[in-house]
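Close look at the chain arrangement
Each chain, written out:
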Amino acid sequence: MSAARVGVVTFPGTLDDQDAARAVRLVGAEAVPLWHADHDLKGVDAVFLPGGFSYGDYLRCGAISRFAPLMDELIPAAKAGLPVIGTCNGFQILCEAHLLPGALTRNASLHYVCRDQRLRVERVSTSWTNSFAEGQEITLPIKHGEGRYVASADTLAELEAGGQVILRYLGNPNGSLNDIAGISNAAGNVVGLMPHPEHAVEDLVGAPSTDGLGFFTSILKSLVNA
Amino acid sequence: MTDTVERASGTPDEPMPFAELGMKQDEYDRVKQILGRRPTGSELAIYSVMWSEHCSYKSSKVHLKQFATKAPKSEALLVGMGENAGVVDIGDGWAATFKIESHNHPSYVEPHQGAATGVGGIVRDIMSMGARPIAVMDSLRFGAADAPDTRRVLPGVVEGISSYGNCLGLPNIGGEVVFDPCYLGNPLVNALCVGLLRKDQIKLATAPGPGNKVVLFGASTGPDGIGGASVLASATFEDESQAKRPAVQVGDPFMEKLLIECCLELYAADVVVGIQDLGAAGVSCATTELAAKGTGGMRVDLNLVPLRDPSLRPEEILMSESQERMMAVVRPDDIPAFMEICAKWDVPATVIGEVTDTGRLVMTWDGEIIVDIPPGTAADEGPVYERPYHEPAGQSALNADTPDRLERPTDLRETLLRLLGSPNLSSKEWVTDQYDRYVRSNTVLAQPADAGMLRISEAIAGAEPTTRGIALATDGNGRYAKLDPYAGAQLALAEAYRNVAVTGAEPLAVTNCLNFGSPEDPEVMWQFAEATRGLADACRTLGVPVTGGNVSFYNQTGATAVNPTPVVGVLGVIEDVAKRVPTGFVAEGLRVVLLGDTREEFGGSEWAHVVHRHLGGLPPQADLEAEQALGAVLVEAARRGLLEGSHDLSDGGLAVALAESCLARGVGAKVTLSGDPFVDLFSESAARALVVVRPEAYDEFASLCGRHDVPCYGLGVTGGTSLVIEDVFEVPVEELRERHRAVLPALFG
Amino acid sequence: MARVIVEVMLKPEILDPQGQAIARALPRLGFSGVSSVRQGKRFEVELDGPADAAALDEVRKMAETLLANTVIEDYAVRVEEQ
Amino acid sequence: MARVIVEVMLKPEILDPQGQAIARALPRLGFSGVSSVRQGKRFEVELDGPADAAALDEVRKMAETLLANTVIEDYAVRVEEQ
Ligand SMILES: Nc1ncnc2c1ncn2[C@@H]1O[C@H](COP(=O)(O)OP(=O)(O)O)[C@@H](O)[C@H]1O
Ligand SMILES: [Mg+2]
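Residues numbered from 1 in each chain as written. Chains lettered and ligands numbered in written order. Predicted model: local features only at pLDDT ≥ 70, side-chain atom pairs only at ≥ 80, totals over all residues. Heavy atoms only, no water.

Quick notes on the packing of aromatic side chains
All chains considered together, the criterion is met by 18 aromatic pairs over all chains. Aromatic pair Phe132 of chain A and Phe215 of chain A: ring centres 5.0 Å apart, planes at 65°, arrangement edge-to-face. Of this pair, Phe132 of chain A sits in the loop between strand E6 (113–121) and strand E7 (137–144) while Phe215 of chain A sits in helix H5 (residues 213–225), and the two are 83 residues apart along the sequence. For Phe132 of chain A, a relative accessible area of 9% translates into the label buried. Classification of Phe215 of chain A as buried rests on a relative accessible area of 1%. Centroid distance Phe602 of chain B to Trp607 of chain B: 5.3 Å. Interplanar angle 70°. Geometry classified as edge-to-face. In terms of burial, Phe602 of chain B and Trp607 of chain B fall into one category: buried. Chaining the aromatic ring pairs together yields one cluster made of Phe142, Phe179, Trp430 and Phe748 of chain B. Just above the ring of Trp35 of chain A sits the side chain of Lys344 of chain B; from NZ or CZ to the centre is 4.8 Å. The ring of Tyr698 of chain B carries Arg591 of chain B above its face, with NZ or CZ at 3.9 Å from the centroid. (Phe/Tyr/Trp six-rings, centres within 6.5 Å; stacked < 30°, edge-to-face > 60°. Helix = DSSP H or I, 4+ residues; strand = E, 2+ residues; numbered from the N terminus. Buried < 20%, exposed > 50% of the residue type's maximum accessible area, 1.4 Å probe, protein only. Lys NZ or Arg CZ within 6 Å of the ring centre and 35° of its normal.)

Next up, the structure:
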């Protein structure tokens, strides 16, 4: 069987694309570069929207990127079940594109924050979290200025009731409602989170943890089982 | 009316506002002599910026020469001083380029934008060498931490560095934050960038090949930082009053990020013959320097420069300091490919001229010639001053006022807590948490490590694998340099050298940013002369060449200069990054070993500063042979896997180093002192470091030290939850942490 | 050539930490009598043509899809009185 | 109780990268006819009392010292018509 092909999207201003591609390769999958201006998903099995400052995060994080030609392809594909994960700026883009509910706003501290963050995995029945154990506590780095998750009371209630909160902060770093660090859509194929699994996959570099690997092994598992 | 060359020739006596542009009468006379006529307004614009202190180094040149004449022989040096940044060979076909630069004055006027554009500028310097920028560092000095203006300046500076550097995707891997009342009206904001390239891919600022095209790309040109030029454009030649010209430049980090990716793709496609970033002096600098180093001639149509503000006059275009611009020399056949890559990255690019072999830089405006000069006269043949200098009047009194008269503490526990809770020695997490240290996933060490370290194997996609890494540290101590600028500069180098060595990397090359007061003040000039002499001598002794740097003069409030503050950056190489030595006490049950001798040295110390507000006497002795031996031991021990952790000793001495080592991972230690506890704990003797080794490795390590004549003292063992100094005091690590962490958040929110 | 202003504010039920930080800072700076501050965005959009009904419709669409995130923000569009 | 609006915009001669990025994006999103966009801030300041001359003076001082960075920004203060 040929290796699973995970697309890694680059927008102007994307920063963590190489890191994401490296993590994809580390678990034995193929990383396929996807360019924002192409109407082409290159037949990938899953898509990773990495972090960064696409379009400088000007206007609002993710606001301009979500109109990229590639997104015209990605949005219907995700709705049809293609596994998609967005981290940090990628999460912001998924919210702006209404693939995920809610929005990410300025940290309550008003400061950008880069630190190693304790988190709890809340839902493991998604394409991207099935390698974890429910309730597992992990450490991933966060690095963002606009990571405070907000949504209307109704949306929040729906997320909680539907088990769509996949990751929660232990010690809320940004004022996110319900300590939300990551969510999924109802189907579980689209996942967004503020922390950076791709910076926690090797002992030598990045955060002092390799807990990020779970996200990448999860997608492999779900692709094999699909 | 436009001041053309023809008009200038016809009106030789027309008064020109050279003085308003900061030019002296004799400098102006030299311009006339070079041109054989009076300069046009545009020519005057070019000469005035190119011959400014900032661009021409006219007061510092005679002293900086020593960095080259005394330079140790180093095969690692691929490109030395004088280019945009130095380049060193780091092995396996790789080269690193790095440089530190100041943005002090702009950061006082508008902290956020001043600091942000400081990062932007140094990153473009690195890009222009053909490298991919891979990390930044920032070395910061502010007034007293509790001064109201520090509350304005510091958060803005940190936010500016954070927003700009983070947006570029460059990890911030280290720096300094120092407070001293002398910097209140004149903070120091020094930014360092390091880049990586293949040895055979070095690009230079040169414009060879007549017929080659000159391309301006990146942001459009606006009225940024051209207060001076407005004098020319409005007072002299324009009757109608000009629109307001801001002194503040605003950065666009997104454009810079696009420029980085765009440049790297241009280099990979091999469509760049020469390249230069646009920094201070903008188009003036780029055109004269490119032309001077190339075939010697260039023709530029200034009307083709894309403008953000169409009302700009040619003099203003020449002097504009708009950010995020680059200039490239491109073969005509490569222009389509060049333009296509720029378009892919949404980077505007415009051909504005071409290379000639006339030996003249000729510029036109509305079809008329407004500049016709030999470019080398502006770029390389600026005035050179041997400024008079003499020892400051109060220097010997300052040196005579030694810390001997200060009352020694009886409660050493409280003294340690007081130092750890002082702004200079407190945790800098409030600052570093705002910087992305992980992006690109090559960061092996960052805060709180003594040096930042990056692996290089994967820094450039698709490159040959290598186990190598680079380490970088910056240091500087204005108090030491005030007491003795010669020794102070050496101590700055020694500390940065040591900080690199404690991580296991071998120090290789030096960059420096020399922050001083006015060169027209003979006492300041003496400090400068002493500091450069000290640094050059120390570089020779330690065998590490200066590859580049930056001089920042006029750092003063009124007539009062800041402490002379040479900031030194050292780059080192480690053959196998997996053997890097982490900071501090990483586990229990390890032997704590002190390397180097402790003398009673309190002049300029943190203890004298914090407890007694005292500055006097002499700084610690700079023993460079000891420093070198210590470095050799640390590097060799790391290579052999003998070190589990390490930390250098500097401000606050052994006490603070022990405390910081405990804080690294929350592991305590129990140690025993042999001499006067106060001296042992708080003296700031140089050439010392703390390491932890496995008990079974101790003998091998001790004999290694013996072979290098490095004194080695077993102090005790790691473990527990407290720092215990036998028979002196004991303090829980948690209490240390609370003191250490609370300071900056309490001050800055 | 006309200028249209688009004002974007967080919906009232969404926490505005920037506005709150300002409101908290005011008393310290000697300003009293302010009960709350909210911070939003203001865009000046220069049109090539006149601000007629069609153009305003376009700007409204722009605000709805790009300038504001209607999940958390409200917007208003108005022509600047010259 | 009155509401005062403070509008803060970058001075015209200062680069506005955000506005430029938006303006450059518009054609790609199918919006034409916009020659430039500038982005600024808008503050809604709720007063405890009426927006009389004294109160407006206070708000102006507030804008000058806190809400705007007058090195690079201009501001305008106006009472919101209720
Ligand atoms: N302005 C800064 N930018 C980035 N890193 C910084 C800055 N200031 C301090 N650091 C980092 O924080 C850590 C602690 O700094 P410091 O207390 O000055 O170290 P030391 O006492 O070992 O010289 C170091 O890793 C240093 O590089
Ligand atoms: Mg250190």
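And the narrative resumes.
Concerning the UniProt feature "domain: PurM-like C-terminal" (unreviewed entry) in chain B
UniProt's feature table lists "domain: PurM-like C-terminal" (unreviewed entry) at residues 209–365 and 588–720 of chain B, given in the numbering used throughout. As a span, residues 588–720 of chain B carries 39% helix and 18% strand, and end to end its C-alpha atoms are 8 Å apart. (UniProt positions renumbered as here; feature names shortened; annotations may be inferred.)

Thoughts on the coordination of the magnesium ion (ligand 2)
Residues and elements named next belong to chain B. Taken together, Asp450 (OD), Asn499 (OD1) and Asp648 (OD) make up the protein donors of the magnesium ion (ligand 2), found 2.6 to 2.8 Å from the metal. Considered as a linear motif, the donors of the magnesium ion (ligand 2) on their single chain read D-x48-N-x148-D. On the criterion of sequence distance, the pair formed by Asn499 in helix H19 (residues 485–501) and Asp648 in strand E23 (residues 645–648) is long-range, its members being 149 residues apart. (Donors = N, O, S within 2.8 Å, 3.2 Å for Na, K, Ca; no water.)

Describing helix H1 (residues 17–26) of chain A
By the criterion of burial, H1 of chain A is predominantly enclosed, with seven of the 10 residues buried. Among the residues of H1 of chain A, Asp17, Asp19, Ala20, Ala21, Arg22, Ala23 and Val24 of chain A are the ones counted as buried. At its buried positions, H1 of chain A is contacted by strand E1 (5–10), strand E2 (30–35), strand E3 (46–49) and H5 of chain A together with strand E15 (452–455) of chain B. Where H1 of chain A terminates, the next one or two residues include Gly28 of chain A, which has phi positive at roughly 95°. (Contact = heavy atoms within 4.5 Å.)

Description of the packing of H19 of chain B against helix H20 (residues 522–542) of chain B
Residue and element names in this part refer to chain B. The interhelical angle for the contact between H19 and H20, taken along N-to-C directions, is 40°, at an axis separation of 7 Å. Judged by the inter-axis angle, H19 sits oblique to H20. Of the two elements, H19 crosses H20, and the hand of that crossing is right-handed. Listed contacts from H20 to Pro485, Tyr486, Ala489, Gln490, Leu493 and Tyr497 of H19 are Trp526, Gln527, Glu530, Ala531, Arg533, Gly534, Leu535, Asp537, Ala538, Cys539 and Leu542. Of the residues assigned to the contact of H19 with H20, the class counts are 11 nonpolar, three polar and three charged. (Axes fitted to C-alpha atoms, helices over the stretch in contact; angles between N-to-C directions. Parallel < 35°, antiparallel > 145°, perpendicular 65-115°, else oblique. Left-handed = near helix turned anticlockwise from the far one by under 90°. Nonpolar A, V, L, I, M, F, W, Y, C, P; charged D, E, K, R; others polar.)

Considering the interface of chain D and chain C
The interface of chain D with chain C comprises 31 residues on the first partner and 31 residues on the second. Together, the buried faces of chain D and chain C total about 2,700 Å²; carbon and sulfur atoms form 60% of this surface. Three residues stand out in chain D for area buried against chain C, namely Phe31, Arg42 and Glu44 of chain D, and they jointly supply 21% of the buried area on that side. Linking chain D with chain C are four salt bridges, by the criterion used here. (Buried area = accessible area lost by both parts, 1.4 Å probe. Salt bridge = Lys/Arg side-chain N within 4 Å of Asp/Glu carboxyl O.)

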